[in-house]
Amino acid sequence: MPFPLFASTACFTPVQDADVEGGPLLWKAVRSAEETLLRIGAPDWGGTVEVHSTIPRGRGLGSSTADVVATARAVAHAFGRRLSPQEIGEIAVAAEAASDSLMFDLPVLFAQREALTLEAFPHSLPPFTLIGADFGGSDVDTLAAPQIRYDARERADFRALRGALRRALHLGDSSLLARVSTASTVINQRYRPIAQVDALLAEHASWGAMGIQVAHSGTVAGVICPLGDMDAAKRAAARLESLGAMEIWRFDVGVC
Amino acid sequence: MSVSVEVASDVVEAACLPRLIRLAPNLVGAAFDVMKMLPAAHMVDEAIREGRIGPGTTVIDTTSGTFGLGLAMVCALRGLRLHLVSDPAVEGFLAQRLMDLGAELTVVREPAADGGFQAARLAVVEQLCARYPDHFVPSQYGNVNNPLAYAAVAEQIAQVVGDVAYLVGPVGSGGSMCGTARALRSVFPSLRAVGVDTHHSRLFGQQDGPRLLRGLGNSLLPSNLDHTVFDEVHWVDASPAYAATRALHRQHALYMGPTSGAAYLVAKHLARRREGTVVTLLPDAGHRYEATVYDNTWLAGVCPDLRLDDRLPTDPEMVTAVPMRGEGWQAMAWERRSLHDVLADQDGKS
């Protein structure tokens, strides 16, 4: 889901017969640059990577993937090249082992450790207003978290969710999309629970909200409200605050 | 759904999902050719994946109905040896088709004193297992991959129909109704599951007895039947089920078997009386019943009072306890209780 409030910007200065430099904090971006140089046929080149990011780290907002994607695009750009989302996805997984799917413009079902696009949807997200919150707590290291092994019953549920997701995107049905997201949140709470999310799941319908969304590894969660429904948005924000959210964001998705 | 860009790898892949057909503004039929292809394929393919079926494995099972056909189709496609144990109900075209598909068939002639033909068939299965040490018994009544197979149907219904208020279907092993309803409820939690059984079936608390309507109901209690899935249970006799089967053909040109007729009767009633979309499972096509349900002479012999041109009954007789000597079409609120709780609740009331 696009999150227009934050962004990463990368700048790459190519140098021939040099290593890629970027400093220890940017090791994922450095690896992204190295991987990109190999892929575009410039293995003799290195250079300097600089990244400016406003995205909070370790919250499940895809901060490291944003750095990696911005860097890959900057490196390719320096050589007059453009990369497909799938190529960037492969670079991202090579650089950071598990990657978010934010290199795609349209919604995808993305295997984050394999860079495998399980399904690409030909429709953009339908419109809704998201009230997002960061509940804080310790930073999440996506790679260190054990991989979830869903049981057979959950895998069966995912098939129903996937059918409903196709329908929601095809029809532009925000309410159905929110129900799919809520069902996915319920399953995720069994493995990576965010304590405050149980209250959101129980109460959101009474505020006029359509559903709940979580970062599957992170400390952020969101309440999906009908687009422009200020009443639902206010009630959601108030509840997020009373649950101890450190930060609350409000933005519209699926609008231009 | 759009046209796929891939050719199906076999008939199971091509034809295991139902066609979803609107039968009334709020009623959708899910019409299968041979519904049991789906669980048969899932059980066999999972067993192959887990290494429980190898090149020398004999698949053995008991069936008198379309599960055997589904299993025989899958085993023929996967190159597996299959030995089926059945009773005289299998004879005729079905037996011919099973043998054509390469299945070996043992027909049990005498019912057991306790448990009828099913118990007698299970005894033969045990003997066969001893004879073939490398064997795999799918056993649709207990294999969790039977209900899990129906995730594919839940996916299809969620995609094509969306929010479903009522899911209706005949119950025999419990696989189709429990598997489809549970998966659909992950996204539509308020979905109500309505099971269709027949009188003298043990599934929902009646005592076992002779039943004219076959393909639903059971003389045994399968562990795949999770009673707590069901909101409502209907018991339908052969006569209204046959009438509804013919009505489904007459009114909708849907040529289906008698369990589909029983489900259609119940689904039509719900669609008329309740709010929301009703989806009903229609498990198999009518060809197997040409000489029975679709033969007026045969029908007149078994159901002398049946008038095919009459209007179908529109509503069941509502009962508050499991009918012990029930007949016709009866229904009861089950309220997602276990069988034990239902029987205890009604004992407490009486």
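Starting afresh in each chain, residues are numbered from 1 along the sequence in its written order. Lettering of chains starts at A and numbering of ligands starts at 1, both following the order in which they are written. Totals for whole chains, interfaces and linings use all residues, but because this is a predicted model, local features are given only for residues with pLDDT of at least 70 and pairs of side-chain atoms are given and counted only at 80 or more. Heavy atoms throughout the structure, all of them, feed into the side-chain values; hydrogens and water do not.

Draft legend 1. Looking closely at the overall build of chain A. Secondary structure elements follow DSSP: runs of H or I of four or more residues count as helices, runs of E of two or more count as strands, with numbering from the N terminus. Regarding its fold elements, chain A presents 7 helices and 9 strands. For chain A, the C-alpha radius of gyration of 19 Å lies close to 18 Å, the compact-globule estimate for 256 residues. In terms of overall dimensions, chain A has C-alpha extents of about 60 × 40 × 35 Å along its principal axes. Buried means the residue's accessible area, taken with a 1.4 Å probe over protein chains only, is under 20% of the maximum for its type, while exposed means over 50%, and partly exposed covers the values in between. With 256 residues in all, chain A has 48% of them scored as buried. Partitioning the intrachain contacts of chain A with sequence separation of at least 6 by distance along the chain shows that 70% fall at a separation of at least 24. Approximately 12100 Å² of chain A is accessible, and the part contributed by carbon and sulfur atoms is 53%. A gap of 8 Å separates the mean positions of the 23 positive and 29 negative side-chain charges of chain A. Every radius of gyration here is taken over C-alpha atoms, with the globule rule written as 2.2 Å times N^0.38, N being the number of residues. Here a residue-residue contact requires only that any non-hydrogen atoms of the pair lie within 4.5 Å. For the area figures, the Shrake-Rupley method with a 1.4 Å probe applies, and any residue is considered shielded solely by the protein chains shown. Positive charge is attributed to Lys and Arg, negative charge to Asp and Glu, and no charge count is given to His or to the chain ends. Each charge is placed at NZ for Lys, CZ for Arg, CG for Asp and CD for Glu.

Draft legend 2. Fine view of the overall build of chain B. Tallying secondary structure elements over chain B gives 12 helices and 12 strands in all. For a compact globule of 350 residues, the expected C-alpha radius of gyration is about 20 Å, and chain B comes in at 19 Å, within 12% of that figure. Principal-axis analysis of the C-alpha atoms places the extent of chain B at approximately 55 × 55 × 45 Å. Long-range contacts, defined as pairs at least 24 residues apart, comprise 69% of the intrachain contacts of chain B with a sequence gap of at least 6. In the form shown here, chain B has an accessible surface area of approximately 14700 Å², with 51% of it arising from carbon and sulfur atoms.

Draft legend 3. Highlighting the UniProt feature "domain: Tryptophan synthase beta chain-like PALP" (unreviewed entry) in chain B. Following the UniProt record, the feature "domain: Tryptophan synthase beta chain-like PALP" (unreviewed entry) maps to residues 35–284 of chain B here. Here residues 35–284 of chain B is 44% helix and 15% strand, with 6 Å between the C-alpha atoms at its ends. UniProt positions are given in the numbering used here, feature names are shortened, and annotations may be inferred rather than shown by experiment.

Draft legend 4. Structural context of the pattern of salt bridges. Here, a salt bridge means any side-chain nitrogen of Lys or Arg that lies within 4 Å of a carboxyl oxygen of Asp or Glu. The tally for this structure, following the rule as stated, stands at 26 salt bridges over all chains. Measuring nitrogen to oxygen at the nearest pair gives 2.9 Å for the salt bridge that ties B:D231 to B:R185. Of this pair, B:D231 sits in the loop between β8 (192–197) and β9 (232–236) while B:R185 sits in helix α8 (residues 175–187), and the two are 46 residues apart along the sequence. With respect to burial, B:D231 and B:R185 carry one shared label: buried. By sharing partners, the salt bridges in this structure join A:E119, A:R159, A:R162, A:R166 and B:E155 into a single network.

Draft legend 5. Here's a closer look at the interface of chain B and chain A. Chain B puts 18 residues into the contact, and the matching count from chain A is 15 residues. Between chain B and chain A, roughly 1400 Å² of surface is buried when both sides are summed, and carbon and sulfur atoms account for 56% of that area. Two parts lose some accessible area (1.4 Å probe) when they are put together, and adding that loss for both gives the buried area. When the buried area of chain B at its contact with chain A is split by residue, B:E155, B:Q159 and B:V187 rank highest and sum to 36% of it. A salt bridge links A:R179 to B:D163, with the shortest nitrogen-to-oxygen separation between them at 3.1 Å. Side-chain atoms alone can form a polar contact between residues adjacent in sequence; in general such a contact is a pair of N or O atoms within 3.5 Å, and within protein one must be able to donate a hydrogen while the other accepts it. Inspection of the chain B/chain A interface yields 7 residue pairs in polar contact (both at pLDDT 80 or more). Broken down by secondary-structure element, the contributors of at least two residues to the side of chain B that touches chain A are α7 (151–160) and α8 of chain B. The residue inventory of the side of chain B that touches chain A, partitioned by class, reads 12 nonpolar, 3 polar and 3 charged. When residue character is reported, Ala, Val, Leu, Ile, Met, Phe, Trp, Tyr, Cys and Pro are called nonpolar, Asp, Glu, Lys and Arg charged, and the others, Gly included, polar.

Draft legend 6. A look at the side chain of B:S86. Residue and element names in this part refer to chain B. Locating S86 in the fold gives a position in strand β4 (residues 81–86). Residue class for S86 comes out buried when judged on its relative accessible area of 1%. If we ignore the near neighbours within four places in the chain, the residues touching S86 are T63, S64, L105, T106, V107, V108 and R121.

Draft legend 7. Broad picture of the UniProt feature "domain: GHMP kinase N-terminal" (unreviewed entry) in chain A. UniProt's entry tags residues 28–97 of chain A with the feature "domain: GHMP kinase N-terminal" (unreviewed entry), counted in the numbering of this structure. Secondary structure content for residues 28–97 of chain A is 57% helix and 13% strand, while the C-alpha to C-alpha distance between its ends is 10 Å.

Draft legend 8. Summary view of the nonpolar core. Residues and elements named next belong to chain B. Definition of nonpolar core: a set of buried residues of the types Ala, Val, Leu, Ile, Met, Phe, Trp, Tyr and Cys, connected through side-chain atoms within 4.5 Å. Formed by 96 residues in total, the largest nonpolar core has its most connected members in L71, F204, F230 and W334. The residues touching F204, leaving out its near neighbours within four places in the chain, are V171, D197, L225, H227, F230, V233, W235, V322, W334 and L339. L23, V194, L265 and L270 belong to the second-largest nonpolar core, a separate cluster that totals 37 residues.

Draft legend 9. Inspection of the packing of aromatic side chains at higher detail. Pairing of aromatic rings covers Phe, Tyr and Trp, the last counted by its six-membered ring, and requires centre-to-centre distances within 6.5 Å; plane angles under 30 degrees mean stacked, over 60 mean edge-to-face, and any other angle means tilted. Counted by the stated rule, this structure contains 9 aromatic pairs over all chains. Their ring planes at 90° and their centres at 5.8 Å tell us that A:F6 and A:W249 sit as a pair that is edge-to-face. Pair noted here: A:F6 is in the segment before β1 (8–16) and A:W249 is in strand β9 (residues 247–253), with a separation of 243 residues, a long-range link. With respect to class, A:F6 is no different from A:W249; both count as buried. Pairing B:F204 with B:W334 gives two aromatic rings, centres 5.1 Å apart and planes at 85°, and the pair type is edge-to-face. Here B:W334 lies in the loop between β12 (329–333) and α12 (339–349) and B:F204 lies in the loop between β8 and β9, a separation of 130 residues in the sequence. Both residues of the pair, B:F204 and B:W334, belong to the buried class. Following the ring pairs from residue to residue traces out a cluster consisting of A:Y150, A:F158 and A:Y191.

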